[in-house]
Amino acid sequence: MEKILIGNWKSNKTIDETREFLTEFSQYLLDHPPSNKKIIICPTFTTLKYTADFLHANNIEVAIGAQNISRYEEGAYTGEVAARQLQNIAQWVIIGHSERRRLFGETEDIITEKLKQAKKYDLKTVLCVQDESEDTSEAEYVAYEPPTSIGTGSPDDPKHIEEVFGKILEKNSSAKLLYGGSIDEKNIEKYREIKNISGFLIGGASLNASSFAGLISKC
Ligand code: PGA
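Described in the following lines is the structure provided in the data block. (Residues numbered from 1 in each chain as written. Predicted model: local features only at pLDDT ≥ 70, side-chain atom pairs only at ≥ 80, totals over all residues. Heavy atoms only, no water.)

## Focus on the side chain of Asn187
Among the structural elements, Asn187 can be located in the loop between strand 7 (177–180) and helix 6 (188–191). Polar side-chain contacts of Asn187 include one of 2.8 Å to the backbone oxygen of Ser182. A distance of 2.8 Å separates a polar side-chain atom of Asn187 from the backbone nitrogen of Asp184. Apart from residues lying up to four places away in sequence, Asn187 is in contact with Pro155 and Ser182. (Helix = DSSP H or I, 4+ residues; strand = E, 2+ residues; numbered from the N terminus. Polar contact = N/O pair within 3.5 Å; in protein donor to acceptor, adjacent residues only side chain to side chain. Contact = heavy atoms within 4.5 Å.)

The structure is reproduced here in structure tokens:
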């Protein structure tokens, strides 16, 4: 089954740094075409279009995702980016990341509205959850990301991930499941065989072209 690998760049990279990354990363993909793997990069809004254009111009098969969208339609919402504005740039969007819930006050109601906006404008969604309690029925992919494992170097235990996946599947048997939290080139082999796993959401280890490429080759 095709594995999905999503790089979440969070609030990182200028245009120059993005160009550097993409130049190195695309060379790697041309030299080692990944088989049976879908790669998605989620840059910040300031580098989204640049990244999309670079990949398109170089015929690199990597999809583009946004890290967030507005809960509202296009309009008078200063500082927000609406789902409709991502048409022809991004195909995917991450919704409900724990950093957004914790630092930017995203509630389940807001997340539900964002899922609706994404659906309306044909963006595929990766819904981040911290346990099995949430409704996952509207998401394309569900990423289980325990906050204690994000950016800490301590990924969750594979057995525990399987248990949480099992509980999510009891409520939504068609959920496609990802894991995220401190996955890197060195530990991915321990995680890729987890039962029912469709792929990974990767933060820190996706920022460096050679470590992201190394991780992809081991998945
Ligand atoms: P991390 O982040 O890989 O740096 O732990 C994962 C995430 O927040 O999606």
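After presenting the structure, the write-up continues.
## Notes on the packing of aromatic side chains
One pass over the full model with this rule turns up eight aromatic pairs. Consider the rings of Phe21 and Phe25, whose centres lie 5.1 Å apart with planes at 35°: the pair is tilted. Of the two residues, Phe21 and Phe25 both sit in helix 1 (residues 15–31), four residues apart, roughly one turn of that helix. Assessed through its relative accessible area of 3%, Phe21 is described here as buried. Residues Trp92 and Tyr141 carry aromatic rings whose centres are separated by 5.6 Å and whose planes lie at 45° to one another, so their mutual orientation is tilted. Pair noted here: Trp92 is in strand 4 (residues 92–95) and Tyr141 is in strand 6 (residues 141–144), with a separation of 49 residues, a long-range link. The pair formed by Trp92 and Tyr141 is uniform in burial state, with each residue classed as buried. An aromatic cluster of at least three residues, connected via ring pairs, comprises Trp9, Phe21, Phe25 and Phe212. Stacked on the ring of Trp9, the Lys or Arg Lys13 has its end atom at 5.2 Å from the ring centre. (Phe/Tyr/Trp six-rings, centres within 6.5 Å; stacked < 30°, edge-to-face > 60°. Buried < 20%, exposed > 50% of the residue type's maximum accessible area, 1.4 Å probe, protein only. Lys NZ or Arg CZ within 6 Å of the ring centre and 35° of its normal.)

## Examining the site of the ligand
Neighbouring the ligand are 13 residues; Lys10, His97, Glu145, Gly151 and Ser182 lie closest to it. Measuring from an oxygen atom of the ligand, one finds a side-chain N or O atom of His97 at 2.7 Å. In the environment of the ligand, an oxygen atom lies 2.7 Å from a nitrogen or oxygen atom belonging to the backbone of Gly151. Across the complex, the protein chains shield 95% of the 280 Å² of accessible surface that the ligand would expose by itself. Here the shell around the ligand is composed, by residue class, of three nonpolar, eight polar and two charged. (Near = heavy atom within 4 Å. Areas by Shrake-Rupley, 256 points an atom, 1.4 Å probe, with all protein chains shown as cover. Nonpolar A, V, L, I, M, F, W, Y, C, P; charged D, E, K, R; others polar.)

## Considerations on the side chain of His97
Considering the arrangement of structural elements, one finds His97 in the loop between strand 4 and helix 3 (98–104). A polar contact is formed between the side chain of His97 and the backbone nitrogen of Glu99, at a distance of 3.0 Å. Ignoring anything within four residues of it in the chain, the contact list for His97 reads Asn8, Lys10, Cys128, Glu145 and Ile150.

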